[in-house]
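# Structure assessment
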Amino acid sequence: MNRTRTSLAATLGATALLASLAAAPTAFAAPAPALDSVQPASAPAVSGYTGSAEDKAATRQFFDAVMKSALKQQAAKPGIQVVTVRYSTSRAPSFRSQIAQSTQIWNSSVSNVKLQESSSGANFEYREGNDSRGSYASTDGHGRGYIFLDYRQNQQYNSTRVTAHETGHVLGLPDHYSGPCSELMSGGGPGTSCTNPYPNAQERQRVNALWANGIATLQNKGVLTKVR
């Protein structure tokens with residue numbers, strides 16, 4: 001599970017948003033077998049469990065890209081209060097149930113952004129497969145991103161928690177592996193016995209603040225008008 005975002009107000013062009021993307025480490029932290037490793041320099045940026053400045057920057061860029069993509073779709077709707085972030089599950093059919101549960105959890109937890117499955121025009125997508133890094137959120141460098149759900153990790157950890165944690169990165173939350181089980185973004189830090197898939201009060205407030213501020217920032221700068 002993974003990452004945070006750079007200054008929303010600073011750069012909103014897709015190229016500028018991702019120009020500083022460098023390879024950053026991985027995903028949902030595993031205390032025993034190392035399910036996370038370092039992302040190769042040539043691969044898309046992925047935020048990691050080490051919590052370095054580079055990881056945080058990559059997570060922020062992922063969030064910025066998803067937010068910009070979502071707001072661009074809604075730019076023609078004056079006075080929007082709730083941003084809809086659309087996702088696709090076509091490349092993660094085995095995890096549709098967990099993704100649906102994660103969506104329900106987040107949609108019932110926050111008010112300024114809503115997740116919605118879509119067959120077209122998705123702002124990000126879920127993917128599945130085997131990866132030594134485990135599960136992670138990444139940006140594709142073109143204003144969109146994806147969440148990768150690793151088979152092995154989802155067998156070891158509560159799969160809904162893994163999915164909800166990774167989705168937290170889409171909504172702007174960074175990893176905090178030293179946190180307790182009650183903190184969703186603590187990921188695999190508390191160990192495999194932790195099954196909590198819900199964000200705590202602070203995480204819910206953070207997401208609401210991020211999306212509310214994002215809308216206000218873009219409206220104040222006239223961006224919502226410019227991208228119509």
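In this text the structure is predicted, and so the values were computed from the model without any measurement.

What follows concerns the sheet that holds strand E2 (residues 113-117). Read from one edge to the other, the open sheet built from five strands follows the order E2-E1-E3-E5-E4, with strand pairing classed as mixed. Looking at strand neighbours, the two that pair on one side only are E2 and strand E4 (136-139), the edges of this open sheet. Neighbour to neighbour, the strand axes of the sheet diverge by 25° on average, direction disregarded. In the sheet, E4 pairs with strand E5 (residues 145-150) via four bridges, with the strands oriented antiparallel. Residue pairing for E5: Ala 137 is matched across the bridge by Ile 147. On top of the sheet, helix H3 (residues 96-109) reaches strand E1 (83-91), E2, strand E3 (124-129) and E5; it is set at about 160° to E2, its chief contact. Against the sheet, helix H5 (residues 159-170) contacts E1, E2, E3, E4 and E5, and its axis sits at roughly 160° relative to E5.

A word on the state of the cysteines. As used in these notes, a disulfide is a covalent bond between sulfur atoms, one from each of two cysteines. Inspection of every chain in the model, using the stated rule, returns one disulfide. One disulfide bridge connects Cys 181 with Cys 194, the sulfur atoms lying 2.0 Å from each other. Around the S-S axis, the bridge from Cys 181 to Cys 194 shows a dihedral of about 90° and counts as right-handed. Remark: Cys 194 occurs in the loop between H5 and helix H6 (201-220) and Cys 181 occurs in the loop between H5 and H6; sequence separation between them is 13 residues. On the basis of relative accessible area, Cys 181 is assigned to the partly exposed category, the value being 28%.

As a further point, take the nonpolar core. Val 85, Trp 106, Phe 124, Tyr 126, Val 207 and Trp 211 are the most contacted members of the largest nonpolar core, which totals 32 residues. If you list the elements that add at least two residues to this core, you get helix H2 (53-73), E1, H3, E2, E3, E5, H5 and H6.

Rules behind the numbers
- Within each chain, residues carry numbers counting from 1 in the order of the written sequence.
- With the structure being a predicted model, the display of local features is reserved for residues of pLDDT at least 70 and the display and counting of side-chain atom pairs for 80 or more, all residues being used for whole-chain, interface and lining totals.
- With hydrogens and water stripped out, all remaining heavy atoms of the structure feed into the side-chain values.
- Two strands form a pair only when DSSP identifies at least two bridges running between them.
- Helix and strand definitions here come from DSSP, where helices need a minimum of 4 consecutive H or I residues and strands a minimum of 2 consecutive E residues; each element is numbered from the N-terminal end.
- In this analysis an axis means a line fitted to C-alpha atoms, helices contributing only their contacting stretch, and an angle means the value between N-to-C directions, from 0 to 180 degrees.
- Contacts between residues were defined by any pair of non-hydrogen atoms, one from each residue, lying within 4.5 Å.
- Criterion for a disulfide: a pair of cysteine sulfur atoms within 2.5 Å.
- The cut-offs for exposure are 20% and 50% of the maximum accessible area for each residue type, with area from a 1.4 Å probe on protein chains only; residues under the lower value are buried, those over the upper are exposed, and the others partly exposed.
- As used here, the term nonpolar core means buried Ala, Val, Leu, Ile, Met, Phe, Trp, Tyr and Cys residues forming a set that is joined through side-chain atoms within 4.5 Å.

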